[in-house]
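Inside the fold
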Amino acid sequence: NIISRGQWGADEHMRCGNTSYGNQIRAAVVHHTAGSNDYAPEDSAEIIRSIYAYHTRILGWCDIAYNAMVDKYGQVFEGRAGGITKDVLGSHTGGFNTDVWGVAMLGDFEDVPPTDIQIRTVGRLLGWRMGLDRVNPLGNVMLRSAGGDYTFFPAGATPTLPTIFAHRDVGNTECPGNAGYAALGQIRDIAA
């Protein structure tokens, strides 16, 4: 079950510009939101709305950056507008947004691991979404960097990455935290 933008209360007047699409998903990237881990299930929609406001009004990204978000209770929220089954170009991974689907785990997973249901749900979500474009969750992919301030790969570089990788694998960040990063193997196995 995916909680739609309408269900979590996205104010569509905050968005700017048109939705951009790629040709097909070739990989997925895992993030954490780096916010509090202390929230109730009914708080998650408000957290999403706050992230949406920050991404649009402060960072100027025209919409929430991620394609989907998963809270610690296993609730899945639709992210960027344009269709959860489509290759919607996000703003989640500077230099590597094209044909890469971004999912964020709500919380800070530097020291505390994601919950079991969060890991399981992220894996199932990515397995479903990548399956639509016939991408092997245990495979590798060569992606072309668009460069920029948010990645350490210069424009035109073509690193080979796992088809499910972490933001820190390409970006100037610790995201999704050390404990979140340690869960990637489990997420890939579940997705597969």
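In case you missed it, the structure is sitting above this.
First things first, this report covers the structure right here in the doc. (Residues numbered from 1 in each chain as written. Predicted model: local features only at pLDDT ≥ 70, side-chain atom pairs only at ≥ 80, totals over all residues. Heavy atoms only, no water.)

So, the pattern of salt bridges
- With the rule as written, the count across this model stands at six salt bridges.
- A salt bridge links Glu 46 to Arg 49; its shortest N-O distance comes to 2.7 Å. Here Glu 46 and its partner Arg 49 are both found in helix H2 (residues 44-58), three residues apart, which amounts to about one turn of the helix.
- Here Glu 174 ties to Arg 168 by a salt bridge, and the two come within 3.5 Å at their closest N and O atoms. (Salt bridge = Lys/Arg side-chain N within 4 Å of Asp/Glu carboxyl O. Helix = DSSP H or I, 4+ residues; strand = E, 2+ residues; numbered from the N terminus.)

Details of helix H5 (residues 184-191)
- Leu 184, Ile 187, Arg 188 and Ala 191 are the residues of H5 that are buried. Relative to the axis of H5, the buried residues are bounded by an arc of 100° and lie together on one face.
- Summarising the contacts, the buried residues of H5 are in contact with strand S2 (27-32), helix H3 (116-132), strand S7 (160-162), strand S8 (164-166) and helix H4 (178-182). (Buried < 20%, exposed > 50% of the residue type's maximum accessible area, 1.4 Å probe, protein only. Arc of directions from axis to C-beta. Contact = heavy atoms within 4.5 Å.)

Looking at the packing of aromatic side chains
- Summed over all chains, the structure comprises four aromatic pairs.
- On the basis of an interplanar angle of 40° and a centroid distance of 4.9 Å, the ring pair of Phe 152 and Phe 153 is categorised as tilted.
- Feature note: the residues Phe 96, Phe 152 and Phe 153 constitute an aromatic cluster, connected by ring pairs.
- A cation sits over an aromatic face here: Arg 168 above Tyr 181, 4.7 Å from the ring centre. (Phe/Tyr/Trp six-rings, centres within 6.5 Å; stacked < 30°, edge-to-face > 60°. Lys NZ or Arg CZ within 6 Å of the ring centre and 35° of its normal.)

Section: the sheet that holds strand S3 (residues 68-70)
- On the basis of which strands lie adjacent, the open sheet formed by six strands has the order S1-S4-S3-S5-S2-S8 and mixed pairing. Taken across any chain shown, the strands that pair with only one partner, and hence form the sheet edges, are strand S1 (2-3) and S8.
- Note that S1 and strand S4 (residues 76-78) share two bridges and pair parallel. The partner of Ile 2 across the bridge, within S4, is Val 76.
- Across the sheet, H3 is in contact with S1, S2, S3, S4, strand S5 (100-105) and S8; its angle to S5 comes to roughly 165°. (Pairing = 2+ DSSP bridges. Axes fitted to C-alpha atoms, helices over the stretch in contact; angles between N-to-C directions.)

Focus on the environment of Ser 44
- Summarising the element assignment, Ser 44 is placed in helix H2.
- Ser 44 sits 62 residues away from Leu 106 along the chain, and the two C-alpha atoms are 8.1 Å apart.
- Every residue in contact with Ser 44, bar those within four places of it in the chain, is listed here: Tyr 39, Asp 71, Gln 75, Phe 77 and Leu 106.

Observations regarding the environment of Trp 101
- With respect to the secondary-structure elements, Trp 101 resides in strand S5.
- What Trp 101 contacts, discounting residues up to four positions off in sequence, is Ile 25, Ala 27, Ala 28, Val 29, Asn 67, Ala 68, Ile 84, Lys 86, His 92, Leu 125, Leu 126 and Arg 129.

Remarks on the packing of H3 against H5
- Between H3 and H5, the least distance of the axes is 7 Å, while the angle of their chain directions is 50°. Put simply, H3 runs oblique to H5. In this structure, the crossing between H3 and H5 has a hand that is right-handed. Contacts between H3 and H5 involve Ile 119, Arg 120, Val 122, Gly 123, Arg 124, Leu 126 and Gly 127 on the former and, on the latter, Gln 186, Ile 187, Ile 190 and Ala 191. (Parallel < 35°, antiparallel > 145°, perpendicular 65-115°, else oblique. Left-handed = near helix turned anticlockwise from the far one by under 90°.)

Some words on the pairing of S2
- Among the six residues that make up S2, six are buried, leaving the element largely enclosed by the rest of the structure.
- The alternating pattern of S2 places Ala 27, Val 29 and His 31 on one face and Ala 28, Val 30 and His 32 on the opposite face, and all of these are buried.
- Here S2 runs beside S5; their pairing, made up of six bridges, is parallel. The residue of S5 that forms the bridge with Ala 27 is Val 100.
- With three bridges connecting them, S2 and S8 associate as parallel partners. Across the sheet, the residue bridging to Ala 28 is Ile 164, located in S8.

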